[in-house]
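One-letter residues, chain by chain:
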Amino acid sequence: MREKAPAAPSTLPAEALFAACDETLLPFATTAELPAGGDIVGQGRATEALRLALGMKAAGYNLFALGPSGVGKFTFVRHAVEKAARRWPTPPDWCYINNFAEPHRPKALELPSGRGRPLQQEAERLIEELQQAIPAAFETDEYRSRKSAIQEQFKERQEEAFSALQAQGRENDVALIKTPMGLALAPTKDGDVLSPQDFEQLSGEEKQRRQDASERLQKQLEAFLREVPRWEREQREQLRTLNRETTQYAVGHLIDEMKKHWEDLPAVLDHLEAVRADVIENVEDFLPKEQTPQILIAAAAGRAPQGPIANPFRRYQVNVIVDQQQRGNGDSAQEGAPVVYEDHPTLSNLVGRIEHIAQFGTLMTDFMLIKAGALHRANGGCLILDVRRVLMNSFAYETLKRVLRSGCIRIESVAESLGWSTTITLEPEPIPLDVKVILLGDPLLYYLLSAYDPEFSELFRVAADFDTRMDRDAAGTQAYAQMIATIARTAKLKPIDRGGVARLIEHGARLVGDAEKLTTHADTLESLLREANFWAGEADAGTIGRAHVQQAIDARTYRSDLLRARIQEEIGRGTLVIETEGARVGQINGLAVIQLNHFAFGRPSRISCRVRLGKGEVIDIEREVALGGPLHSKGVLILSAFLSSRYAHEQPLSLNASLVFEQSYSGVEGDSASSAELYALLSALAEIPIRQSLAVTGSVDQQGRVQAIGGVNEKIEGFFDICVARGLSGEQGVLIPAANVKHLMLRADVVAACREGRFAVYPVETIDQGITLLTGIPAGEADEKGGYPLGTVNRAVANRLARFVRKAVRLAREADGGKGNRNAKSREALR
Amino acid sequence: MSAPPAGGDPEVRRRFRRVVVAFDWGSENAGAVELVAALAERLRAELKAMFVEDIDLMRLAEHPHVFAFSALSATGQQLAADHLRRVLRSRLARSREAIEAAAERRQLKYAFEVRQGRLLAEALKAAESEDLVILSWTAGGGTTSFGPGQAPPVVIAQALAEAHARSVLLLHPEAPAGGSLVLAYDGSAGADAALLAALEVADEDGGAIEVALLSGRTAEVERWAETIRQTLADYPARGGRFRARLIAFPGDGLEGVCRTAARLGASLIVLGADLALAQHDTGRRALERVGCSVLLVR
């Protein structure tokens, strides 16, 4: 194969090292001039996905907004959803009311928006009025007279019967006496009870008369006592009828009056009728009673004691669990449908809960203690949840799916869900659900759920994929400025002047590591803006300017770069050996990037290579000691392929090379050092020294083309800082893949040094370009036979490899000659 | 009207020096004991408790076999010999213990006595003019049966007329606790005595008295009202602390007073014994059916 060796690349001009923001694209003095609001930019896909999800009414069209944390998913989604929800119809209010037939199954009552609270208030008023009207009715003379008449009738009946017995006894000298054991009959004389002795002194006839009378009275007394319960029952029934009539009279007009306000709602009318029937049936609850004996009797009978729950009037109250007119907990504005964000999505916070009150050591509950969950509040609108928090809360995810599947909210505790609860509790009537659920989370969770939960994809059919960057064209720049203005206004920060905005845009490009893109990580931008605002305040400036933004960037870097400073310090002190002048065979400065949270910096690393006769292996020492990651190993293996294809396509590759990152004590990953490793290998084979004033980054393919890598800015700056510390010589620089030039957003001091010719950045397309630059010797172009000209790097490499081959062949022949020790030696040499 | 007790030494002003409470087996209960002890403490009076063994019951208990009818099962049964006597003895012991415990708890000066006879007669016989005699509404569970037309207050009022005692408090078992006090006032000397007795037993802290003026004549009502206000103002040590509300009952009599007491949830009606005796059937029946305690004053 004939290759053309390109000339060594020239240095990049300073303009290519940093894409300054074109301030003519920012037609304002400060962001205060920009209009309020404005959509979040750079999220076209997410916008479309959201529009589809919000527009689709079919089941399962819930949304998963995926993107890294801080990209502004929540703000974007909430803003967009609230905007849409304002146009949706306001959903109904929901109440729980007592189920008089089955009190443990409270009824759900749906009311038009805004009518829940009035119903509750009217119910309260009704109770108050009943508490006054009913006792008043029972205090009337008419009621008392009628009641008294019934009681009198009963008493008179009893007394008459008893008196008749007494009179009959008296006629026969027998007294009816009350004793602790009941009623007893005793013989008398002249009204006094006779003692046994006096009785014995009576004549036989007198005794017999009294005994006969006693026997008759016994029978009559038994008959009388048997009648008494029936009379009592009759009396109770008469009193009950009287009470019902009285209550009906007192209650009727109050409930009829209330019903007039709710004629359009049959469910409410039914409830009021149930209230009427229950009040009539339990009218004694409204009548004054003595508290202490009641409690004692209730406790003795094992019934519920007195207390808030035992308040008999609670059952007529209305528990408004969703009031669209008074949305709370940070829920959306009251017009349109609700948008609810639940930041603590526990099971009970999602589907509601049934609270209990401790009374006399017993946990009591009723329908008034049913509390709404986020799903109730969001019903008819949208519910936004953080998927990580949902997954972190036991049963929340499963319950959310169950609710979405069933289309109704059933309040259940954990114990009930697991079937552990054996005590009687409430079973509130489920409430129909129509809600759009939006989950926010990072992509990993989305793809894991998609892969491992079959139901997930059915319930969350729409994914809004949030991009972390956007185009930095004219439109993008202006939209970005608008976004910065919105962030500042929302966060109540000082206005930002044009220069400040421009610097923020430049930094936005630097954050994403691309001169042609901008980060959409709104959280980072906002925190930077807040810090710039602080510095502007410190300087008593009315606006945030370029200098304040730069100060914030510098301060942030300073706060984060302790490790970088330590490494730089150790390099400066010679503890970590990085040479920045002279030339060495088989040694080159590679560049790595260390990422600490949100701060990344470049760290130069010395890569060395040694070669000897062998069986065509390039040994990656990092891999051998398990410090090299798979991508790094892949890069090293490519080197073997490159050597074979270029220099040994018709002969064996008889070398053994070892590559190592010197003074590296942690893992190495990525293939961005593969070009540097190849340069070191070529240098070692050709025995031509490499300039140590240069550092190299870039991956390489099997054809020797240099490919783009990440973190190019940090890598250049990392080497630059070492050189600055030692003094810029004008010889120093960094070789980067030409494909990375568009990513350059270097620090101002680096750009200035390059502009002044004290530092250089070289865009490299091929290994031949790079090796020429690094050695100062042409790489050499292969002729038609594949040979390289004398005085080139490639010729030297090819010659060295050919020598290895010849040596290997000779040794192999000697080994095949079968001469004892010499053979053994030869075989050993070949290993 | 009788003049209020002379001022000066509070001991001299006390109307009730001794509280005499009489029980029999049917009227003893812990609630009544506590109430009586509390009243004696408030009145700073000596407590004399008397358990009256009903003579008829005692004679009945001597019979070898007593046939008793249970109201619960409506059947009769032959009681074993001596069974009734043992039950009566245990009731006596229980009464004694309850009285002693209540008196000692309140550090009252007290005495306990057992008598045989009939409850009302024995209680009045043991009482002096400055004693407050207390009986339970259900007193006389033995042969003392109050038939129709014989309301206990009226029976007691009759007995009072012939006794040394001047005041009998009849405790109603269903009287509401802490209710107000209603005084039936007809301008008589008995009514004035009832007014003073009412002031004496009224709760110092509660201090609410409803005075029912039983007259239809405006001038008479106004005159009585002035008398009552003056008595309240002059009442030593407690002057002005009572809240008295005067209510006119033109032509409605004691029946209306009883109705009002029920409506107010009153715990006590105070009236002169003569007023009780003067009632015809309707008034007597109202007194018989009233749901609170009654203090009769002579």
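The shown structure was predicted, so the numbers you read here are calculated from the model rather than taken from an experiment.

Chemist: Any chance you could explain the overall build of chain B here in plain terms?
Modeler: Of regular secondary structure, chain B possesses eleven helices and twelve strands. Of all 298 residues assigned to chain B, the portion counted as buried reaches 53%. Of the contacts formed within chain B by residues at least 6 apart in sequence, a portion of 79% connects residues at least 24 apart.

Chemist: Where do I start with the pattern of salt bridges in this structure?
Modeler: When the charged atoms of two side chains lie near each other, side chains of opposite charge can form a pair. Residues and elements named next belong to chain A. Applying the stated criterion across every chain, the model contains 77 salt bridges over all chains. The partner of R144 in a salt bridge is E139, and the shortest N-O contact between them spans 2.8 Å. We note a salt bridge from E412 to R402, for which the minimum N-O separation is 3.5 Å. On the criterion of sequence distance, the pair formed by E412 in the loop between β14 (408–409) and α13 (414–418) and R402 in helix α12 (residues 396–406) is long-range, its members being ten residues apart. According to the relative accessible area criterion, E412 is partly exposed, its value standing at 23%. Via salt bridges that share partners, R510, D561, R564, E714, E717, D721, R747 and D749 belong to a single interconnected network.

Chemist: I tried to follow the UniProt feature "active site" (unreviewed entry) in chain A on my own but got confused; where do I start?
Modeler: Residues and elements named next belong to chain A. As annotated by UniProt and renumbered to match this structure, "active site" (unreviewed entry) occupies S672 and K715. Considering the C-alpha atoms alone, the annotated residues occupy 44 residues of sequence yet fold into one spot, their largest mutual distance being 10.6 Å. Assignment of secondary structure puts S672 in the loop between β24 (655–661) and α23 (674–686). By the secondary structure assignment, K715 is in helix α24 (residues 712–726). If sequence neighbours within four positions are ignored, K715 has contacts with L591, A592, V593, G602, S672, T697, I709 and G710.

Chemist: Whenever I open this one, the pairing of strand β1 (residues 63–66) of chain A confuses me. Can you help?
Modeler: Residues and elements named next belong to chain A. Residues L63 and A65 of β1 are buried on one face, and the alternating residues F64 and L66, pointing to the opposite face, are buried as well. Relative to strand β16 (residues 436–441), β1 runs parallel, the two sharing four bridges. In the strand pairing of β16, F64 is matched with L439. Bridge count for β1 against strand β17 (residues 462–465) is four bridges, and the pairing is parallel. The residue of β17 that forms the bridge with L63 is V462.

Chemist: Would you explain the sheet that holds strand β3 (residues 107–111) of chain A in this entry?
Modeler: Picture the strands of a sheet paired through backbone hydrogen bonds; they go either parallel or antiparallel. All names here are of chain A. One open sheet accounts for three strands, arranged β3-β2-β7; its pairing is antiparallel. Each of the sheet's edge strands pairs with one partner strand only, and the pair in question is β3 and β7 (318–322). Neighbour-to-neighbour, the strand axes of the sheet open up by a mean angle of 30 degrees, direction not taken into account. Here five bridges tie strand β2 (residues 93–97) to β3, and the two strands are oriented antiparallel to one another. If you follow Y96 over to β3, its bridge partner there is A108. The strands touched by helix α3 (residues 116–139) are β2, β3 and β7; relative to β7, the strand with the most contacts, the crossing angle is about 165 degrees.

Chemist: Just to check I follow, could you spell out the interface of chain A and chain B for this structure?
Modeler: Size of an interface: often given as the accessible area lost when the parts come together. Facing 33 residues of chain A, the contacting portion of chain B comprises 36 residues. When chain A packs against chain B, the two sides together hide about 2,800 Å² of surface, and 59% of this comes from carbon and sulfur. Viewed at the interface, chain B and chain A are joined by three salt bridges. Taking the shortest distance from any N to any O, the salt bridge between D192 of chain A and R118 of chain B comes out at 3.6 Å. Remark: the boundary between chain A and chain B carries five residue pairs in polar contact (both at pLDDT 80 or more). Counting residues per element, the ones that place at least two in the side of chain A that touches chain B are α4 (141–171), β4 (174–179), β5 (182–189), β6 (192–193), α5 (196–200) and α6 (204–260) of chain A.

Chemist: Would you mind showing me how to read the layout of surface pockets here?
Modeler: Where empty space is left becomes clear once a probe the size of a water molecule has been rolled over the atoms. Residue and element names in this part refer to chain A. By volume, the second largest pocket is sized at about 1,500 Å³. Going through the elements one at a time, α17 (498–512), α18 (522–538), α19 (546–560), β21 (587–596), β22 (599–613), α24 and α25 (748–755) are the ones with two or more residues in the lining of the second largest pocket. Of the residues contributing to the lining of the second largest pocket, the split by class is 14 nonpolar, 19 polar and twelve charged. Domain assignment of the residues forming the lining of the second largest pocket places at least three in each of domain 1 (23–36 + 469–560) and domain 4 (576–804).

Chemist: Please clarify how the sheet that holds β16 of chain A should be interpreted in this entry.
Modeler: Residue and element names in this part refer to chain A. Here five strands make up an open sheet; going across it, the order is β8-β13-β16-β1-β17 and the pairing parallel. Looking along the sheet, the strands with just one partner apiece sit at the ends: β8 (339–342) and β17. Between one strand and the next, the sheet's axes are offset by a mean angle of 20 degrees, whatever the strand orientation.

Rules used throughout
Residues numbered from 1 in each chain as written. Chains lettered and ligands numbered in written order. Predicted model: local features only at pLDDT ≥ 70, side-chain atom pairs only at ≥ 80, totals over all residues. Heavy atoms only, no water. Helix = DSSP H or I, 4+ residues; strand = E, 2+ residues; numbered from the N terminus. Buried < 20%, exposed > 50% of the residue type's maximum accessible area, 1.4 Å probe, protein only. Contact = heavy atoms within 4.5 Å. Salt bridge = Lys/Arg side-chain N within 4 Å of Asp/Glu carboxyl O. UniProt positions renumbered as here; feature names shortened; annotations may be inferred. Pairing = 2+ DSSP bridges. Axes fitted to C-alpha atoms, helices over the stretch in contact; angles between N-to-C directions. Buried area = accessible area lost by both parts, 1.4 Å probe. Polar contact = N/O pair within 3.5 Å; in protein donor to acceptor, adjacent residues only side chain to side chain. 1 Å grid on protein atoms, 1.4 Å probe; cavity = no way out; pocket = protein on both sides within 12 Å on 5 of 7 lines; lining within 4 Å. Points joined across faces, edges and corners; volume = space filled by probe spheres on them. Nonpolar A, V, L, I, M, F, W, Y, C, P; charged D, E, K, R; others polar. Domains from an automatic or database assignment.

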